Amino acid sequence: MDFVIEMLNIRKEFPGIVANDNITLQLKKGEIHALLGENGAGKSTLMNVLFGLYQPEKGEIRVNGTKVHISNPNIANELGIGMVHQHFMLIDNFTVTENIILGKEPKKSGMIDMKKAEKEVQEISEKYGLKVDPHSKIADISVGMQQRVEILKTLYRGADIIIFDEPTAVLTPQEIHELIEIMRTLIKEGKSIILITHKLKEIMEVCDRVTVIRKGKGIGTLNVRDTDTHELANLMVGRDVLFTAEKTEGHPGRRVLDIENLFVKDSRGVQVVKGLNLDVKAGEIVGIAGVDGNGQSELIEAITGLRKAENGGIRLKGKDITGLRPRQVTEAGVGHIPEDRHKYGLVLDYTIGENMVIQTYYQKPMSKNGILNVKEIYKKARSIISDFDVRTPSEYTKARSLSGGNQQKAIIGREIDRDPDLLIAAQPTRGLDVGAIEFIHKRLIEQRDRGKAVLLVSFELDEILNLSDRIAVIYEGAIVEIVDPKQTTEQELGLLMAGSRKEKAGEQSHV
Ligand SMILES: Nc1ncnc2c1ncn2[C@@H]1O[C@H](COP(=O)(O)OP(=O)(O)OP(=O)(O)O)[C@@H](O)[C@H]1O
Ligand SMILES: [Mg+2]
């Protein structure tokens, strides 16, 4: 059998946890091999072992049949193994080219030969259809393009085996489509791929085989054509999973959020929210559907006080909250599950306990007379961890050591637990496994049923269609249509999001 990579009986421990317990994964040449498992199952750990970032306690790795010791990522590179990480590892104020060649710069009389570097990058990027702008700074390009830079980086180093750790979690549907094409090109050019993803549809669409792990243990490897999404979900979670959330008719009450004629500029000073009107009532979930970059991020930042509103008004339960600082907005009764969990969600070097009280530590009972009540803080953390099934060795563990999906569950738990009148959920299930998604959907509906207002922003149209009582379509910075989810389809939503209008052509505003 032609295996390019064999990981045999791998064991990797961390303090208090066995992350990989006797796992075996064999990659055939020219295949796309999915690695599937719940949040915290040990997928990233196993791939970090293969990439030389962690040393296993037990087990053997073979590359093209030869036993190897991958003691650091440079050795992985030399063996032709490249990795595109779950959280990108690029330098923000370097250009695309500088990032790609970093540590492997072509030299001419002791100096970096930039001309040669640019030419090489250009060649690889054309060969694999990876469009990038070589001179742009990382900070100025889209997430999709940053990912292409990560891929180019591995190819520039000569990778034949490419590990993708949840590459599609951060991408828009359009970008996912492009990435799938790129992966197919890579295979045609003789590469082999290991793909970690929680999206079962993607596995069915592009993968040849899939290895399933659960709680650190290998469950088995299947041919994708012999299985389906229900079996895969069952294997990884250990029970049946409902793919559509059940909910009863909503009973919307008074307006909780009321936005009138809002104007907001983005970081480059361009007006991206332009005269937006929207309201969310108590006891309803309003979903915002839109193509990325139509002002949805800036809208949320304006509501939560992270960005200045140029004009217009934002009211919460009738009270003007326009221009308040983030803490004041929080105190007024707004919860926020942010799109970027590392930037606004968690302080990675704080413990999970500290992160759970990041907005409330100065209030009773977390503080008394200006002194932190550590006992109360960790009691609160324990209750959120158990309520939301955050898989962590303890509440004293640093947030950084949690798996990506468990970091996300911790943030969602903290925000729902504060029981805000308005809960803003931006891409709430990004990076979550199917079982966790089912659970979080239930909790969002439960908030609605308790009379809270929920504003949901998501690129997953099934999520929007499934959860929302009303769908607000955002296009070029304004809500152009309010749609009843029961009376629409993904296709119709797609068209509206692309700017086509329903029958009411000619009207200025539909809100
Ligand atoms: N550097 C570390 N230090 C301590 N514990 C760690 C470290 N990295 C991972 N872990 C633990 O190992 C386990 C497996 O984590 P891993 O990141 O491999 O999960 P995963 O399958 O990639 O999950 P997700 O789908 O959420 O990304 C988790 O319990 C995690 O908390
Ligand atoms: Mg992971």
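How each quantity is defined
Residues numbered from 1 in each chain as written. Chains lettered and ligands numbered in written order. Predicted model: local features only at pLDDT ≥ 70, side-chain atom pairs only at ≥ 80, totals over all residues. Heavy atoms only, no water. Pairing = 2+ DSSP bridges. Helix = DSSP H or I, 4+ residues; strand = E, 2+ residues; numbered from the N terminus. Axes fitted to C-alpha atoms, helices over the stretch in contact; angles between N-to-C directions. Contact = heavy atoms within 4.5 Å. Core = buried A, V, L, I, M, F, W, Y, C linked by side-chain atoms within 4.5 Å. Buried < 20%, exposed > 50% of the residue type's maximum accessible area, 1.4 Å probe, protein only. Phe/Tyr/Trp six-rings, centres within 6.5 Å; stacked < 30°, edge-to-face > 60°. Lys NZ or Arg CZ within 6 Å of the ring centre and 35° of its normal. Domains from an automatic or database assignment. Buried area = accessible area lost by both parts, 1.4 Å probe. Salt bridge = Lys/Arg side-chain N within 4 Å of Asp/Glu carboxyl O. Polar contact = N/O pair within 3.5 Å; in protein donor to acceptor, adjacent residues only side chain to side chain. Parallel < 35°, antiparallel > 145°, perpendicular 65-115°, else oblique. Left-handed = near helix turned anticlockwise from the far one by under 90°. Nonpolar A, V, L, I, M, F, W, Y, C, P; charged D, E, K, R; others polar. Patch = residues over 30% accessible without salt bridge, like charges linked within 9 Å, V, L, I, M, F, W, Y side chains within 5 Å. Areas by Shrake-Rupley, 256 points an atom, 1.4 Å probe, with all protein chains shown as cover. Near = heavy atom within 4 Å.

Some details on the sheet that holds strand β15 (residues 284–289)
Taken in spatial order, the six strands of this open sheet run β18-β21-β22-β15-β23-β24, and their pairing is mixed. Every interior strand has two partners, whereas the edge strands, β18 (334–337) and β24 (478–483), have only one. Averaged over all pairs of adjacent strands, the angle between their axes in this sheet comes to 20 degrees, without regard to strand direction. Relative to the sheet, helix α9 (residues 296–303) contacts β15, β18, β21 (422–426), β22 (453–457) and β23 (470–475), its axis offset from that of β21 by approximately 150 degrees. Along the sheet face, helix α17 (residues 490–497) touches β15, β23 and β24 and points at about 35 degrees away from the line of β23.

Digging into the nonpolar core
Looking at soluble globular proteins, one finds that nonpolar side chains tend to be buried together. In this structure, Phe-164, Met-183, Leu-186, Ile-203 and Val-210 are the most contacted members of the largest nonpolar core, which totals 48 residues. Once residues within four sequence positions are removed from consideration, Leu-186 is found in contact with Tyr-128, Ile-151, Leu-155, Ile-162, Phe-164, Lys-191 and Ile-193. Residues Ala-289, Ala-381, Val-390 and Leu-461 belong to the second largest nonpolar core, which totals 37 residues.

Comments concerning the packing of aromatic side chains
Any aromatic ring pair is given by two values, namely how distant the centres are and how the planes are angled relative to each other. For the coordinates displayed, the defined rule picks out four aromatic pairs. In this arrangement the basic side chain of Lys-104 is found over the ring face of Tyr-156, its NZ or CZ atom lying 5.7 Å from the centre. Residue placement shows Arg-327 over the ring face of Tyr-362; its charged tip is 3.8 Å from the ring centre.

Quick word on the domain arrangement of the chain
Examined at the domain level, the chain breaks down into domain 1 (3–237) and domain 2 (255–510). The C-alpha-based centres of domain 1 and domain 2 are spaced at 30 Å. On the side of domain 2, 23 residues touch domain 1, which itself brings 22 residues to the contact. Carbon and sulfur atoms supply 52% of the area that domain 1 and domain 2 bury against each other, a total of about 1600 Å² over both sides. Glu-460 is the partner of Lys-199 in a salt bridge, and the nearest nitrogen-oxygen pair spans 3.3 Å. Where domain 1 meets domain 2, there are nine residue pairs in polar contact (both at pLDDT 80 or more). Elements supplying a minimum of two residues to the side of domain 1 that touches domain 2: α6 (173–188), α7 (200–206) and α8 (229–237). Top contributing element to the side of domain 1 that touches domain 2 by residue count: α8, with three residues.

Considerations on the environment of Ile-182
On the secondary structure map, Ile-182 appears in helix α6. Spatially, the C-alpha atom of Ile-182 lies 48 Å from that of Asp-320, the residues being 138 residues apart in sequence. Residues within four places of Ile-182 in sequence aside, it is in contact with Tyr-128, Gly-129, Leu-130 and Arg-148.

Re the packing of helix α5 (residues 143–156) against α6
Contact geometry for α5 and α6: axes closest at 11 Å, N-to-C directions at 15 degrees. In this view, α5 runs roughly parallel relative to α6, as classed from their interaxial angle. Where α5 crosses over α6, the handedness of that crossing is right-handed. Residues Gly-144, Gln-147, Arg-148, Ile-151 and Leu-155 of α5 form the contact with α6, whose participating residues are Glu-175, Glu-178, Leu-179, Ile-182 and Leu-186. Residue classes in the contact of α5 with α6 are distributed as five nonpolar, two polar and three charged.

Some thoughts on a nonpolar patch on the surface
Together, Tyr-361, Leu-372 and Val-374 make up a nonpolar patch on the protein surface, roughly 270 Å² of accessible area in all. Structurally, Val-374 is set in helix α13 (residues 374–387). Residue class for Val-374 comes out partly exposed when judged on its relative accessible area of 47%.

Comments concerning the pattern of salt bridges
Scanning the model with the defined rule gives 41 salt bridges in all. Residues Arg-11 and Glu-13 are paired through a salt bridge, measuring 2.7 Å at the closest nitrogen-oxygen approach. Judged by relative accessible area, Glu-13 falls into the partly exposed class, the value being 34%. With a shortest N-O distance of 3.2 Å, Arg-470 and Asp-279 are connected by a salt bridge. Remark: Asp-279 occurs in strand β14 (residues 271–281) and Arg-470 occurs in strand β23; sequence separation between them is 191 residues. Grouping residues by exposure puts Arg-470 and Asp-279 together as buried. If you follow the salt bridges from partner to partner, you end up with Arg-255, Asp-258, Glu-260, Asp-279, Lys-281, Glu-284, Arg-315 and Arg-470 in one network.

Considerations on the site of ligand 1
The local shell around ligand 1 holds 20 residues, among which Gly-40, Lys-43, Thr-45, Ser-403 and Gly-405 are the closest. Here an oxygen atom of ligand 1 and a backbone polar atom of Gly-42 are 2.9 Å apart. The side chain of Thr-45 places a nitrogen or oxygen atom 2.6 Å from an oxygen atom of ligand 1. Listed by contribution, the elements that provide at least two residues to the shell around ligand 1 are β2 (17–28), α1 (43–50) and α14 (404–417). When its residues are assigned to classes, the shell around ligand 1 shows six nonpolar, eleven polar and three charged.

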